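Observations on chain architecture
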Amino acid sequence: VNQVILQLLNGLVVGSSLALVAAGLALLFGVLHIINFAQGDFFMMGGYAVWFSLNLTHNYFAAMLIGTIIAAVLGGLLLTAVIWPLLQRSPVLVLLATLGLSLILEQGATNLLGGDTKLVPPPLTLPIPIGPVLYPAYDLVVIAAGMGILLLGYFFLRYTRYGIWLRAVAQNRPMAAALGVPVPRVYILAFMVSSGLAGLAGGLLLPLQSVYPTIGNDVIANAFIIVVAGGLGNFRGAAIVALLVGEFQALGQLIPGIKPSVLTIILFGLVIILLMVRAQRQHAVVRL
Amino acid sequence: VSRVGALREPLIGAVIVVLLAAIPPLIGGYIVRGLTSYMIFGLLALSVGLITGYGRLFNLGAGANFGVSAYTVAILTHFGVFNPFVLFAAAMFTGFLVSLLFSFYALVASGIEYLMLTFLTTAAFAAVPLATLDLTGGDNGLRVLGGTQPSFGLNPLIGPSFYWFVLAIVSLVALLSWYILTSQSGKAIQAIGRNPGRASAMGYRVPHFRVALTIYSSLIASLGGWLYALQTSFVFIDLLGITNSTNGLVYALIGGVDTILGPFLGAALLRALTDQLSRVGSQSSLFIGIMLMLVVYLIPEGILGLWRRFMKRNFPTRGDRSMEAPEAAESVAAGLTAENVEAL
């Protein structure tokens, strides 16, 4: 029972940070109908940004804040530069461009920062008793922060002016523009929020997973699974599926004799089947 | 004039094949081995080019096909199977099984969804060796045993015989692809790619053609995987995964997906450049990224597409005009905006 509780909590840690990355992807897809392959690399950028600011400020909270802002601004600028010239073109071209950006960022990070892993000790090591198990306090902070940000994001989308504009553009771009929504500004906001969410997740997980140039690859596959399973462009769906995926992987480790790679394959298989069923239901046999 | 126009691509291809057959063995050494691998990855690129350019389905999973066939060869040699014909048949059969999966995707999805499905598939296949360490060697890769026996006794490292063998296969595949694409079915495939709705309304059975194209192009990638295993006598996890799949798509896009020679040209150019760069340092992914961006922004129709447009504008022949619809000069990208993806 102790093991189960422990893994449930671990699943929440992984799930809530994945949810941040995936929610960013879903937001971008919802607003612009594009898939951003470089989202995992913004996660990596966030990790490095927090690592650097931590070395400068020695204050974890300040470092998180600065790191997230750096990731949001830098990621937003990069996305704007990459995607803007392609806005009137095929989404597939945009996707290929972000794939190129991802490859460049990854190799660029290796060149600039070295291929080694940057470690950070957790700022809180106090074990907290939860039922019968002792759980590290920092992990609970990650869960709380992830959930809190997602809730904030939900209310932001629901009630604030820019949140409503974001949803309006996602729903009907020409109509929103005709009604006076500043579409370019909304796009740039979406870019920044999306990369900021990934950067924040990277920063939150820095003391637990550390950071290295190719960490984005490990994140992006899971994030894609989540976005696809949650329904492309569905912010809430992505968040919920992310928690499920985190729990699936954490609880799967309890089954004896099952390797993590087997779990990955099962997960991929489930999502592929889900996507095929959904596509089939929506568009008869062939989408024309 | 029109006959010459229609036969221009195979004529150019034939000249290239003769040159390739004659020159490198005279020079010998490293170039022969390099060109062999360019042709093998050219098959991967052609596979992606056919499905992406003619079928207008953006496939980011060709590595799964290539890798599964390569792994089939390696695994079977560990069970004492060295008969080259059996190995070939097995590699094509497993490739065919994978192609059935892609056929399902072609039936139920298009646009971004199809691309995501193929991407997830190649990612899933890349996790398989890690789950089956005893069979596949996991991260360490797997050697192909049996010396030169699996490759019909031809030694890929010594002399030009294996090179000629690959060249012959590649020429046959290119010729067959050209024949199919210029046939009535090929025209139907192109019509479906440009506008599936219209083609369907004209009575073409869209699902049949899409499945046929998927299986045919998948088998070409499998052929590449089989030859790769023979040439290098070693298979590893990246062959199955996103790296290889992305490379295939980038090669095809750079060369031009609406042609048969283009993917080979793209594969040769990019692999030659990355080979040079990897001697200086391991910057090949940076380089691939930059090339991908350049192609997306500057020449979405690829090098051969650009060349073709240039030729058509300056030296129009009657053959060109009668063969191609007016919108043919439009790039793949332009074609995609309206049709497949709008349905999202």
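Criteria and cut-off values
Residues numbered from 1 in each chain as written. Chains lettered and ligands numbered in written order. Predicted model: local features only at pLDDT ≥ 70, side-chain atom pairs only at ≥ 80, totals over all residues. Heavy atoms only, no water. Helix = DSSP H or I, 4+ residues; strand = E, 2+ residues; numbered from the N terminus. Buried < 20%, exposed > 50% of the residue type's maximum accessible area, 1.4 Å probe, protein only. Contact = heavy atoms within 4.5 Å. Areas by Shrake-Rupley, 256 points an atom, 1.4 Å probe, with all protein chains shown as cover. Rg over C-alpha atoms; globule rule 2.2 N^0.38 Å. Lys, Arg positive; Asp, Glu negative; His and termini not counted. Charge placed at Lys NZ, Arg CZ, Asp CG, Glu CD. Phe/Tyr/Trp six-rings, centres within 6.5 Å; stacked < 30°, edge-to-face > 60°. Polar contact = N/O pair within 3.5 Å; in protein donor to acceptor, adjacent residues only side chain to side chain. Core = buried A, V, L, I, M, F, W, Y, C linked by side-chain atoms within 4.5 Å. Buried area = accessible area lost by both parts, 1.4 Å probe. Salt bridge = Lys/Arg side-chain N within 4 Å of Asp/Glu carboxyl O. Nonpolar A, V, L, I, M, F, W, Y, C, P; charged D, E, K, R; others polar. Expected span 1.5 Å × (residues − 1). Pairing = 2+ DSSP bridges. Patch = residues over 30% accessible without salt bridge, like charges linked within 9 Å, V, L, I, M, F, W, Y side chains within 5 Å. Axes fitted to C-alpha atoms, helices over the stretch in contact; angles between N-to-C directions. Parallel < 35°, antiparallel > 145°, perpendicular 65-115°, else oblique. Arc of directions from axis to C-beta.

What to know about the overall build of chain B
Counting secondary structure elements, chain B contains 17 helices and two strands. Taking all 344 residues of chain B together, the buried fraction comes to 53%. Within chain B, residue pairs in contact and separated by at least 24 positions form 79% of the contacts whose partners lie at least 6 positions apart. When the accessible area of chain B is evaluated, it comes to approximately 14100 Å², of which 69% is carbon and sulfur surface.

Structural notes on the overall build of chain A
Counting its secondary structure elements, chain A contains 11 helices and two strands. Reading chain A from its N terminus to its C terminus gives the helix and strand order α-α-α-α-β-β-α-α-α-α-α-α-α. For 288 residues, the compact-globule estimate of 2.2 N^0.38 gives 19 Å, and chain A sits close to it at 19 Å. Reported as C-alpha extents along the three principal axes, the dimensions of chain A are approximately 55 × 50 × 40 Å. Every one of the 288 residues in chain A was classed for burial, and the buried ones make up 54%. Sequence separation of 24 or more characterises 76% of the internal contacts of chain A that already satisfy a separation of 6 or more. Roughly 12200 Å² of accessible area belongs to chain A as shown, and the carbon and sulfur atoms make up 71% of that amount. Mean positive and mean negative side-chain charge positions of chain A (12 and 6 charges, respectively) differ by 22 Å.

Observations regarding the packing of aromatic side chains
Residues and elements named next belong to chain B. Scanning the model with the defined rule gives 18 aromatic pairs over all chains in all. Consider the rings of F102 and Y105, whose centres lie 5.9 Å apart with planes at 85°: the pair is edge-to-face. One end of the pair is F102 and the other is Y105, both in helix α5 (residues 84–108) and three residues apart, which spans about a single turn. A relative accessible area of 0% places F102 in the buried class. Here a set of aromatic residues connected by ring pairs shows up, and it is made of F88, F162, F165 and W226.

Some words on the side chain of S99 of chain B
Relative to the helices and strands, S99 of chain B resides in helix α5. Here F96 of chain B takes part through its backbone oxygen, which lies 2.6 Å from a polar atom of the side chain of S99 of chain B.

What about the nonpolar core?
If you look at the biggest cluster of nonpolar residues, it comprises 181 residues, and the most contacted ones within it are L96 and F224 of chain A together with W226 and L227 of chain B. The leading source of residues in this core is helix α1 (residues 2–32) of chain A, at 15 residues. Leave out the neighbours within four places in its chain, and W226 of chain B touches S69, A70, V73, L87, F88, A91, F152, F165 and I169 of chain B.

A closer look at the interface of chain A and chain B
Across the boundary between the two partners, chain A contributes 45 residues, which contact 50 residues of chain B. Between chain A and chain B lies a buried interface of about 4300 Å² when both sides are counted; carbon and sulfur atoms form 78% of it. For the pair chain A and chain B, the number of links is zero salt bridges. Looking at the side of chain A that touches chain B, the elements with two or more residues in it are α3 (60–83), α4 (91–113), α9 (215–229) and α11 (260–282) of chain A. In terms of residue count, α4 of chain A provides more of the side of chain A that touches chain B than any other element does, 13 residues in total. A breakdown of the residues in the side of chain A that touches chain B according to their chemical character gives 33 nonpolar, nine polar and three charged.

Things to note about helix α5 (residues 137–159) of chain A
Counted at 1.5 Å a residue, the expected span for α5 of chain A with its 23 residues is 33 Å, and the 32 Å between its end C-alpha atoms agrees. Looking at α5 of chain A, one finds that the buried residues are A137, Y138, D139, V142, I143, G146, L150, G153 and L157 of chain A.

What about the environment of A89 of chain B?
Relative to the helices and strands, A89 of chain B is located in helix α5. In this structure the C-alpha to C-alpha distance between A89 of chain B and W226 of chain B, which are 137 residues apart in sequence, comes to 9.8 Å.

Here we look at the side chain of N65 of chain B
Its place among the elements puts N65 of chain B in helix α4 (residues 62–78). At 3.2 Å, the side chain of N65 of chain B and the side chain of S222 of chain B are in polar contact.

Description of unusual backbone geometry
The phi torsion at H58 of chain A lies on the positive side, around 55°, for a residue other than glycine. Looking at the secondary structure, you find H58 of chain A in the loop between α2 (39–57) and α3. Exposure remark for H58 of chain A: the relative accessible area of 66% places this residue in the exposed category. Of note, the phi angle at S233 of chain B is positive, near 55°, even though the residue is not glycine. In this fold, S233 of chain B is placed in the loop between α11 (206–232) and β2 (234–235).

Some thoughts on the pairing of strand β2 (residues 133–136) of chain A
Residue and element names in this part refer to chain A. Across the two faces of β2 the burial differs, with V133 and Y135 buried and L134 and P136 not buried at all. Here strand β1 (residues 127–130) runs beside β2; their pairing, made up of four bridges, is antiparallel. Residue I128 lies in a different strand from β2, and its bridge partner there is Y135. Hairpin connection of β1 to β2: two residues between the antiparallel strands, including G131 at a positive phi of 60°.

Let's talk about a nonpolar patch on the surface
All names here are of chain A. Together, F61, L65, I66, I69, I70, V73, L74, L77, W84, I188 and M192 line one region of the surface with nonpolar side chains, adding up to about 990 Å² of accessible area. Every element with two or more residues in the nonpolar patch is listed here: α3 and α8 (183–209). Per-element accounting of the nonpolar patch gives the leading share, eight residues, to α3. By the secondary structure assignment, F61 is in helix α3. A relative accessible area of 65% places F61 in the exposed class.

With respect to the packing of α5 of chain A against helix α6 (residues 161–171) of chain A
Residues and elements named next belong to chain A. Look at α5 against α6: their axes get within 5 Å of each other, and the N-to-C directions meet at 75°. With respect to α6, the axis of α5 lies roughly perpendicular. In this structure, α5 contributes F156, L157, R158 and Y159 to the contact, and α6 contributes R161, Y162, G163, I164, L166 and R167. Across the contact of α5 with α6, the residue classes break down as six nonpolar, one polar and three charged.

Some words on helix α9 (residues 184–194) of chain B
Since the α-helix packs 3.6 residues into each turn, any two residues three or four apart lie on the same face. Three or more residues of α9 of chain B are buried, namely G186, A188, I189, I192 and G193 of chain B. Down the axis of α9 of chain B, the smallest arc covering the buried residues is 160°, so these residues share one side.

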